[in-house]
Amino acid sequence: MTHHEPTHRWIVAPQTARFTEPLVLQSGAVLNGYELVYETYGQLNASRSNAVLICHALSGNHHVAGYHGEQEKKPGWWDNMIGPGKPIDTERFFVIGLNNLGGCHGSTGPSSINPDTGKPFGADFPLVTVEDWVTAQARLAEHLGVERFAAVVGGSLGGMQALQWSIQYPDWLDHCLVIAAAPKLTAQNIAFNDVARQAILTDPDFNGGQYYGGPGPRRGLRLARMLGHITYLSDDVMGSKFGRALKSGSYQFGYEVEFEIESYLRYQGDKFAESFDANTYLLMTKALDYFDPAQDMGGGLAEALRPAQADFLVVAFTTDWRFAPERSREIVEALLHNKRNVSYAEITHGHGHDAFLMVDPYYHGVVRAYMEKIKP
Amino acid sequence: MTGNGIARKDYALIGQWIAPGSRVLDLGCGDGELLRELMNTRQVTGYGVEIDDASILACVQKGVNVIQGDLEQGLSGFEDNAFDYVILSRTLQTMRHTEGILKEMLRVGRQGIVTFPNFGYWKNRVQVWQGRMPRSADMPYQWYDTPNIHLCTVRDFEDLCAQHDLEILERAVLTHGRPVTLLPNLLGSLAVFRFEHRR
C-alpha cells in the first residue's frame, strides 16, 4: 500500500419516539407514556417491505452500527454484521435498532423521571418481559410506518425477542433469525442471573433502587458483570487468551490483581459499571428468567410456535454453554413439528456465547446468504 | 457432487419416484442440489441434513432448508412419520451405523430412497481381480482417503432389506446415467432403491 484511503466513518444519529397510548404490561402494571430511542440505517423502500428489526441482548442498545461521530472510539455493537455491504446489508434493507423499554440508553427506564413523583422511577419501574418489549417494538414499527418486517433478527436475549415476534405477531414478519438463543433459561442460567442480582441488591449503595444522584451500586454491578462475562466465554478461550499468566511475572502473596484474567474481568466490570444502570441490569435479567413461551401457552414449545408463519434461520455456537446448541435445536425441532421453513447452522467457534458478536466467515456467510435470499 | 452429470441422472430418477407435493428429508444433502431440483420440479417441501459447513452455506444460498447435524447421531430431532420420503443419496456407504440409519429413515419417513455405488460393478471386480482397490466415477477415492467404509453390492443391499423386512418398491441400476436391466449387479455402477416396511 502506498497510501492510506481516508477512513470514511459511517455517521449515524439516534432518534426518539414518544408514545402516549398507555402500555399494559404483562405484570398488569401500566406505563402511561414512554419513549423509545432508536436508530435506523438504510432506506425504507416504496413498498415498505425491506425493514429489518434488530433486537438487542442484555447489555446492548439502539446503537447497532456506525459511529455517532468522529470522536466515538467504537462503532455500534453489531457493526461487523450490519452496514453497507455487510451480511445484513443496509443498501438493501432498512434496519432499525432500538433501546428496549427499561433500558438505560435513552428509552424510558428506571433512571427516567416518573411523572407521578417527579423523581426517577428507580426500583418502581415495572418489570417488563420479552412480550412487553415485542409489544413496544411493534408500536415503534407503526410509528415508523413499517407494517411488516422482512426479518426480525436477534442474538441471545435478542434472539428470544425475535422468537417471540414470530409467536406474538406472526403476520408481521417474513423471516426470523434466532442466533445463540434459547426457548427458555435453564436452572443454571437463572442461578447465574440471581447471583448477579444479589450482588446488586445487597450493595449498600443500592438504596432500594433509589440511588440516582448518589454513587449507586457500582460494586454490585461490577461483580454482576464479571460473573456474566465468565459465562459468556468458554473455558478454552479463557485458557488460550489468559491462561495462568501473571501481570508481574511472580506471585505477590496478596489480594491485588495478579493473574491476567483477574485484570481483564475487573476492567470489564469497571467499564460496564460506569456505563450501565444497575436497575436496568436487574430488570433485563428478570426478563430473561421469565421468558418461556412454551409455559405461557400451557404446552410444549411446538404448541407455542404453532402460530408462527415466518421462515427461520437458527444459529448456535459449539462452545456456547450459556445458550448451548441443544437449546437452539429445541427451537428447530419445534419448528420442524410445525412444518415451518427452517435452516440451522451450528458454528464451530471457540469463544462461547460471545461468539455471536464476532466475525466468523462461516457464521457471517450463512447470515449473508440467508439475507440475500430475502427479496423484499 | 455439484455439476456432476452422472449424479444428476440419479436425481432425475429420484424425482420421477417422488409424488408431487411430498414432504422430503434428504440426509447428507450436500449442496442441496437434489432438494432444489425436487422443490422446482416436484413442488416438494423438505429439509436437508448436513454436517459440512460449506455444504450448509451452499444450501442456504440456494434457499434450501438445511439442518446442520451428524447423521451418525441418528435423527432424534425428527418426529416419527414426519416425511413421505427420506433420501440417503451416495451416503449409505460412508455411514458407520448402516442398519441404524435405515431404521431411522423409516421411523421419520414412510418410504426410504437410497443410492450407492455398486461394488459388484464389473469394472470394480476387474480392478479387485487385478489386485487393486477399485476406483471409478462413482467411487473416485483412493483406498486411504475414501469416506466409503461400508461398500456393498446390489445383491448385498437386497439381502439386508430382506433381513430387516424391508420391501423394495422400486430399483434402478445405472451406468453412465443410463438404466441397466441386464445383469444389474454386474453391469450397473450406481444403485437406486425405494423401500418401505413390509406391511
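What you are looking at is a predicted structure, and each value in this text was computed from that prediction instead of being measured. (Residues numbered from 1 in each chain as written. Chains lettered and ligands numbered in written order. Predicted model: local features only at pLDDT ≥ 70, side-chain atom pairs only at ≥ 80, totals over all residues. Heavy atoms only, no water.)

### Observations regarding the overall build of chain B
Selection rule: Numbering of helices and strands runs from the N terminus, with a helix taken as a DSSP run of H or I at least four residues long and a strand as a DSSP run of E at least two residues long. Between the two quantities, the radius of gyration covers C-alpha atoms and the globule rule is 2.2 Å times the number of residues to the power 0.38. Exposure classes here rest on a 1.4 Å probe applied to the protein chains alone. A residue is buried below 20% of its type maximum, exposed above 50%, and partly exposed in between. Only heavy atoms matter for contacts: two residues are in contact if any of them lie within 4.5 Å across the pair. The method behind every accessible area is Shrake-Rupley, applied with a 1.4 Å probe, and residues are considered shielded solely by the protein chains displayed. Within this scheme the basic residues Lys and Arg register as positive and the acidic residues Asp and Glu register as negative, but His and the chain ends are omitted. By convention, charge coordinates are those of NZ in Lys, CZ in Arg, CG in Asp, or CD in Glu.
Looking only at helices and strands, chain B has 7 helices and 8 strands in total. Taking 2.2 N^0.38 as the reference for a compact globule, 199 residues should give roughly 16 Å; the C-alpha atoms of chain B span a radius of gyration of 16 Å, in line with that estimate. Principal-axis analysis of the C-alpha atoms gives chain B an extent of 45 × 40 × 30 Å. For chain B, buried positions account for 52% of its 199 residues. Of the contacts made within chain B by residues no fewer than 6 positions apart, 66% connect residues no fewer than 24 positions apart. Counting every atom, chain B has about 9,400 Å² of accessible surface; 51% of that belongs to carbon and sulfur. Counting 21 positive and 24 negative side-chain charges, chain B places the centres of these two groups 7 Å from one another.

### Some details on the overall build of chain A
Along its length, chain A carries 11 helices and 14 strands. Its C-alpha atoms give chain A a radius of gyration of 21 Å, within 12% of the compact-globule value 21 Å for 376 residues. Dimensions of chain A, computed from C-alpha atoms along their principal axes, come out at roughly 65 × 60 × 50 Å. Burial statistics for chain A: of 376 residues in total, 56% are counted as buried. Accessible surface for chain A amounts to roughly 16,000 Å². Of this, 51% is attributable to carbon and sulfur atoms. Seen as two clouds, the 31 positive and the 42 negative side-chain charges of chain A have centres 1 Å apart.

### Some remarks on the environment of Val146 of chain A
Residue and element names in this part refer to chain A. As for its position among the elements, Val146 is in the loop between helix 1 (130-143) and strand 11 (149-155). With 96 residues separating them in the primary sequence, Val146 and Asn50 have C-alpha atoms 9.0 Å apart. When sequence neighbours within four positions are dropped, the list of residues in contact with Val146 reads Leu44, Ala51, Phe94, Ile96, Ala141 and Trp172.

### Some details on the side chain of Arg197 of chain A
The residue Arg197 of chain A is located in helix 3 (residues 187-201) in this model. Setting aside anything within four residues of it in sequence, one finds Arg197 of chain A in contact with Ile190, Leu282, Thr285, Lys286 and Asp289 of chain A.

### Things to note about the pattern of salt bridges
To keep things clear, this is the line we draw: A pair is scored as a salt bridge if a Lys or Arg side-chain nitrogen falls within 4 Å of a carboxyl oxygen belonging to Asp or Glu.
Enumeration over the complete set of coordinates arrives at 23 salt bridges over all chains. In this structure, Glu326 of chain A and Arg329 of chain A form a salt bridge, with 3.5 Å as the shortest nitrogen-oxygen distance. Residue Glu326 of chain A and its partner Arg329 of chain A are located together in helix 10 (residues 325-337), separated by 3 residues, close to a single helical turn. On the basis of relative accessibility, which here comes to 29%, the residue Arg329 of chain A falls in the partly exposed class. A salt bridge links Arg107 of chain B to Asp80 of chain B, with the shortest nitrogen-to-oxygen separation between them at 2.7 Å. Of the two residues, Arg107 of chain B is situated in helix 4 (residues 98-108) and Asp80 of chain B in the loop between strand 3 (66-68) and strand 4 (83-89); the sequence distance between them amounts to 27 residues.

### With respect to the interface of chain B and chain A
Defined as follows: Put simply, buried area is the surface a 1.4 Å probe can reach on two separate parts but cannot reach once they are joined, added for both. N or O atoms within 3.5 Å of each other form a polar contact, as long as, within protein, one can give a hydrogen and the other can take it, and as long as residues adjacent in sequence are counted only when both atoms are side-chain atoms. Here the nonpolar group is Ala, Val, Leu, Ile, Met, Phe, Trp, Tyr, Cys and Pro; Asp, Glu, Lys and Arg are the charged ones; every other residue, Gly included, is treated as polar.
Across the boundary between the two partners, chain B contributes 17 residues, which contact 18 residues of chain A. Buried area between chain B and chain A, summed over both chains or domains, comes out near 1,600 Å², and the portion from carbon and sulfur atoms is 56%. Per-residue buried area on chain B facing chain A is highest for Tyr47, Val60 and Gln68 of chain B; these three make up 30% of the total on that side. For the interface between chain B and chain A, the tally reads 10 residue pairs in polar contact (both at pLDDT 80 or more). Secondary-structure elements contributing two or more residues to the side of chain B that touches chain A are helix 3 (53-62) and strand 3 of chain B. Taken together, the residues of the side of chain B that touches chain A break down into 8 nonpolar, 5 polar and 4 charged.

### Here we look at the side chain of Glu196 of chain B
Residue and element names in this part refer to chain B. Of note, Glu196 is situated in strand 8 (residues 190-197). With a relative accessible area of 7%, Glu196 lands in the buried category. With near-sequence residues (within four places) excluded, Glu196 lies in contact with Leu106, Arg110, Gln111, Asp165, Leu166, Glu167 and Leu169.

### Considerations on helix 3 of chain A
Rule in force here: Expected helix span is given by 1.5 Å per residue-to-residue step, counting one fewer step than there are residues.
Look at helix 3 of chain A: 20 Å from first C-alpha to last across 15 residues, which is about the 21 Å you get at 1.5 Å a residue. In the core, the buried residues of helix 3 of chain A are packed alongside helix 4 (218-232) and helix 7 (278-290) of chain A.

### Considerations on the environment of Gln252 of chain A
Residues and elements named next belong to chain A. Counting through the fold element by element, Gln252 comes out in the loop between helix 5 (235-241) and helix 6 (260-275). Judged by relative accessible area, Gln252 falls into the partly exposed class, the value being 48%. Separated by 2.9 Å, the side chains of Gln252 and Ser248 make a polar contact.

### As for the environment of Glu170 of chain B
Residue and element names in this part refer to chain B. Turning to its location among the elements, Glu170 is positioned in strand 6 (residues 166-175). Assessed through its relative accessible area of 27%, Glu170 is described here as partly exposed. C-alpha of Glu170 to C-alpha of Asp145: the two residues are 25 residues apart in sequence and 32 Å apart in space. Among residues more than four places away in sequence, those in contact with Glu170 are Trp17, Val192, Phe193 and Arg194. Separated by 2.4 Å, the side chains of Glu170 and Arg194 make a polar contact.

### A look at the packing of helix 4 of chain A against helix 6 of chain A
All names here are of chain A. Applicable threshold: A fitted line through C-alpha atoms represents every axis, and for helices the fit uses only the stretch in contact; the resulting angles, taken between N-to-C directions, go from 0 to 180 degrees. Just so you know how the angles are binned, under 35 degrees is roughly parallel, over 145 roughly antiparallel, 65 to 115 roughly perpendicular, and the rest oblique. Note on convention: near helix rotated counterclockwise from far helix by under a right angle means a left-handed crossing. Clockwise means right-handed.
For the pair helix 4 and helix 6, the least separation of the axes is 8 Å and the interaxial angle reads 125 degrees. In this view, helix 4 runs oblique relative to helix 6, as classed from their interaxial angle. Helix 6 is crossed by helix 4, and the crossing has right-handed handedness. On helix 6, the residues that touch Arg218, Leu221, Arg222, Arg225, Met226, His229 and Ile230 of helix 4 are Tyr264, Leu265, Arg266, Gln268, Gly269, Asp270, Phe272, Ala273 and Glu274. For the contact of helix 4 with helix 6, the residue count by class is 7 nonpolar, 3 polar and 6 charged.

### Focus on the packing of aromatic side chains
Residue and element names in this part refer to chain A. To keep it simple, the criterion reads: Stacked, tilted and edge-to-face are the three classes applied to pairs of Phe, Tyr and Trp rings, where Trp contributes its six-membered ring and a pair requires centres within 6.5 Å; stacked means planes under 30 degrees apart, edge-to-face means over 60, and tilted covers the rest. Lysine NZ or arginine CZ positioned within 6 Å of the ring centre and within 35 degrees of the ring normal marks a charge as sitting over the ring.
Counted by the stated rule, this structure contains 27 aromatic pairs over all chains. With a centroid separation of 4.6 Å and an interplanar angle of 40 degrees, the aromatic rings of Tyr211 and Tyr212 are classed as tilted. In this structure Tyr212 comes out as partly exposed when scored by relative accessible area, which is 26%. Taken together, the ring pairs connect Phe149, Trp165, Tyr169 and Trp172 into an aromatic cluster. The lysine or arginine in question, Arg9, covers the ring of Tyr67, its NZ or CZ lying 3.7 Å from the ring centre. One Lys or Arg, Arg225, reaches over the ring of Phe272 and ends 4.4 Å from the middle of that ring.

### As for the packing of helix 11 (residues 361-373) of chain A against helix 3 of chain B
With their axes 8 Å apart at the nearest point, helix 11 of chain A and helix 3 of chain B run at an angle of 15 degrees to one another. Relative to helix 3 of chain B, the element helix 11 of chain A is oriented roughly parallel. With respect to the hand of their crossing, helix 11 of chain A and helix 3 of chain B are arranged in left-handed fashion. Across from Tyr362, Gly365, Val366, Ala369, Tyr370 and Lys373 of chain A in helix 11 of chain A, the residues of helix 3 of chain B making contact are Asp53, Ile56, Leu57, Val60, Gln61 and Lys62 of chain B.

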